[in-house]
Amino acid sequence: MRFRHPDGTTVHLAYCTNVHAAEQLDGVLDQLTEYAEPVRRRLHRDRLGIGLWLARDAARTLTDDPAAVRRLRTGLERAGLEVVTLNGFPYQGFGDSHVKYRVYRPDWTDDARLDHTTDLARLLTALLPDDVHEGSISTLPLAWRTGFDAEARHRALTRLHTLAGRLDALEELTGRSVRVGLEPEPGCTVETTADAVEALTGEGGPPPHRIGVCLDTCHLATAFEDPAKAVAALGEAGLTVVKAQLSAALHAEHPERPEVRHALTEFAEPRFLHQTRALTPAGTLRATDDLDRALAPGALPTEGPWRSHFHVPLHAPLAEPLHATTGVLRAALTHLVGGPAPLTRHLEVETYTWQALPPGLRPTTRAQLADGLAAELATARDLLVGLGLKELP
């Protein structure tokens, strides 16, 4: 979906296909007709943007075979879909029954991450619509924090420098620009926007014209960051918001109450990691790596609210006593695209946890999932129109 900002800039809205499990190209092509095209039809649009997730095996197939790229482009065109952004965070196995910490491997200390991201950038230049000359890729925020020392940091930043050089060369070759955004996430070495500023503008930081930030509003909320301050800090540091992922976290205002803890238990599941943060009366944060650990007696203080990294649907309020952090999403979007000029041009709805929701909220058919994805995009569309953007045909 495309929107015109009052200043004339085109802003792209997509949904991320990492909600669909596919490691091979054939599975990716099936997603286009089984899910993405039905979502487009539900929204009554001739064209719909998708934030494409290509696992390592699918990316290798496309990299090694130009005919496979043509096949993917044809599939996108026939389904009325377009791609201006890729999700390069999960490397492989994101559809497995147990993902947890494995999503952070390989990290930016490993050449495999550099090579995969380079391949994605090359593929993106071949997938961009003919009238679009700029693409974006979101990626791992360097690494998970455990064992990440000064030497590992140096290796990671060195690889980002190498990536920036490759992206420069790619633009010279194709005339198309690709930027990569580190996606701050709770528990990673780059957890907050302040961490991103330190990593990307400190000694050894990569060139800012190629490497910026992917701002995920679920992660922003989980860390109890203030959207206005976060966006301002990135701007003051000269960092670009390459892409914003529109998402909401799980919020519990009164974690000391038995009924709240019972409700949270419904979201503690074995597939994804749900980092949880507690805000203390002093304004500091206490943390656990997962929601089930937070629910252990005495693991976190209960005098203040908790938030958990569980991407919950944007369009439907959660049943009491839990809430979604859609207020953080709205505030972030206001600061990103509600001003005189948009601070990012790529927006991506990213609720990958549909099949990890409690049974009463989980879709059981393809049609139900397509309904939910379309409803999320409609919610995002309404927010953008409310900020003065105009939906384009």
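Residues numbered from 1 in each chain as written. Predicted model: local features only at pLDDT ≥ 70, side-chain atom pairs only at ≥ 80, totals over all residues. Heavy atoms only, no water.

An unreviewed UniProt entry lists the protein chain under the name Sugar phosphate isomerase/epimerase, with Streptomyces reniochalinae as the source organism.

J.: Explain helix α2 (residues 56-64) to me, using residue names and the numbers behind them.
T.: Among the residues of α2, those classed as buried are R56, A58, A59 and L62. Considered in projection along α2, the buried side chains sweep an arc of 160° and stay on one side of the axis. Where α2 is buried, its residues contact α1 (25-42), α3 (66-78) and α4 (111-127). (Buried < 20%, exposed > 50% of the residue type's maximum accessible area, 1.4 Å probe, protein only. Helix = DSSP H or I, 4+ residues; strand = E, 2+ residues; numbered from the N terminus. Arc of directions from axis to C-beta. Contact = heavy atoms within 4.5 Å.)

J.: Outline the UniProt feature "domain: Xylose isomerase-like TIM barrel" (unreviewed entry) in the protein chain, listing residues and values.
T.: Per the UniProt record, the feature "domain: Xylose isomerase-like TIM barrel" (unreviewed entry) sits at residues 62-235. For residues 62-235, helix accounts for 47% and strand for 14%, while the C-alpha atoms at its two ends are 36 Å apart. (UniProt positions renumbered as here; feature names shortened; annotations may be inferred.)

J.: How would you sum up the sheet that holds strand β13 (residues 322-324)? Please name residues and give values.
T.: Adjacent strands of a sheet form backbone hydrogen bonds with each other and so pair up, either parallel or antiparallel. Within the open sheet, the five strands sit side by side as β11-β10-β12-β9-β13. Their pairing is antiparallel. Every interior strand has two partners, whereas the edge strands, β11 (285-288) and β13, have only one. Taken over all neighbouring pairs, the strand axes of this sheet differ in orientation by 30° on average, direction set aside. Summarising the sheet, strand β9 (residues 248-252) and strand β12 (residues 306-312) pair through four bridges and their orientation is antiparallel. Residue A248 lies in a different strand from β12, and its bridge partner there is V312. (Pairing = 2+ DSSP bridges. Axes fitted to C-alpha atoms, helices over the stretch in contact; angles between N-to-C directions.)

J.: Give a description of the environment of A287 that names residues and reports values.
T.: By the secondary structure assignment, A287 is in strand β11. For the pair A287 and T33, spaced 254 residues apart in the sequence, the C-alpha separation amounts to 41 Å. Once residues within four sequence positions are removed from consideration, A287 is found in contact with T276, R277 and L300.

J.: Residues and numbers for helix α5 (residues 150-174), please.
T.: With 25 residues, α5 extends 36 Å from end C-alpha to end C-alpha; this agrees with the ideal 36 Å at 1.5 Å per step. Among the residues of α5, those classed as buried are A152, A156, L157, R159, L160, L163, A164, L167 and L170. In this structure, the buried residues of α5 make contact with α4, β6 (177-182), α6 (193-201) and β7 (211-216). Of the residues flanking the start of α5, the one acting as N-cap is D149, its side-chain oxygen 3.3 Å from the backbone nitrogen of E151. Residue G175 follows α5 closely and has a positive phi angle near 75°. (Expected span 1.5 Å × (residues − 1). Polar contact = N/O pair within 3.5 Å; in protein donor to acceptor, adjacent residues only side chain to side chain.)

J.: Give me the pairing of strand β8 (residues 241-246): which residues, what numbers.
T.: Taking burial as the measure, the six residues of β8 include six buried ones, the bulk of the element. Sheet topology note: the β7/β8 ladder contains four bridges and is parallel. Paired with L215 across the strands is A244, a residue of β8. The pairing of β8 with strand β14 (residues 346-349) spans three bridges and is parallel. Residue pairing for β14: A244 is matched across the bridge by L347.

J.: Could you give me a rundown of unusual backbone geometry, with the residues and numbers involved?
T.: Cis geometry is found at the peptide bond from R105 to P106, where omega equals -10°. Within the element layout of this structure, P106 appears in the loop between β4 (81-87) and α4. A cis amide bond links E320 to the next residue, P321, at an omega of 15°. Within the fold, P321 resides in the loop between β12 and β13. A positive phi is found at H44, a non-glycine position, where the angle reads about 55°. Looking at where H44 falls in the secondary structure, it is placed in the loop between α1 and β3 (48-53). Even without glycine at this site, F224 takes up a positive phi of about 55°. On the secondary structure map, F224 appears in the loop between α7 (217-222) and α8 (227-236).

J.: Mind laying out the packing of aromatic side chains, listing which residues take part and the relevant values?
T.: Given two aromatic rings, one states the distance between the centres and the angle between the planes to describe the pair. Summed over all chains, the structure comprises eight aromatic pairs. Three or more aromatic residues joined by ring pairs form one cluster here, namely W53, F94, F272 and Y352. (Phe/Tyr/Trp six-rings, centres within 6.5 Å; stacked < 30°, edge-to-face > 60°.)

J.: So what's going on with the pattern of salt bridges? Which residues, and what values?
T.: Taken as a whole and assessed by the stated rule, the structure comprises 29 salt bridges. A salt bridge links K100 to D290; its shortest N-O distance comes to 2.5 Å. With K100 in the loop between β4 and α4 and D290 in the loop between β11 and α10 (291-294), the pair connects residues that are 190 residues apart, well separated along the chain. Of the two residues, K100 and D290, both sit in the buried class. Note that E134 and R179 form a salt bridge whose closest N and O atoms lie 3.3 Å from each other. Placement of the pair is E134 in strand β5 (residues 134-139) and R179 in strand β6, with a sequence separation of 45 residues. Per residue, the accessibility class of E134 equals that of R179, and both read buried. A network of salt bridges, in which partner residues are shared, links R2, R47, E82 and D131. (Salt bridge = Lys/Arg side-chain N within 4 Å of Asp/Glu carboxyl O.)

J.: Tell me what's going on with the pairing of β12, and back it up with residues and numbers.
T.: The buried fraction of β12 is high, at seven of seven residues. The side-chain alternation of β12 yields two buried faces, one formed by W306, S308, F310 and V312 and the other by R307, H309 and H311. Where strand β10 (residues 276-279) lies against β12, three bridges are found, and the strand directions are antiparallel. Each residue of the ladder has a partner; that of T276, found in β12, is S308.

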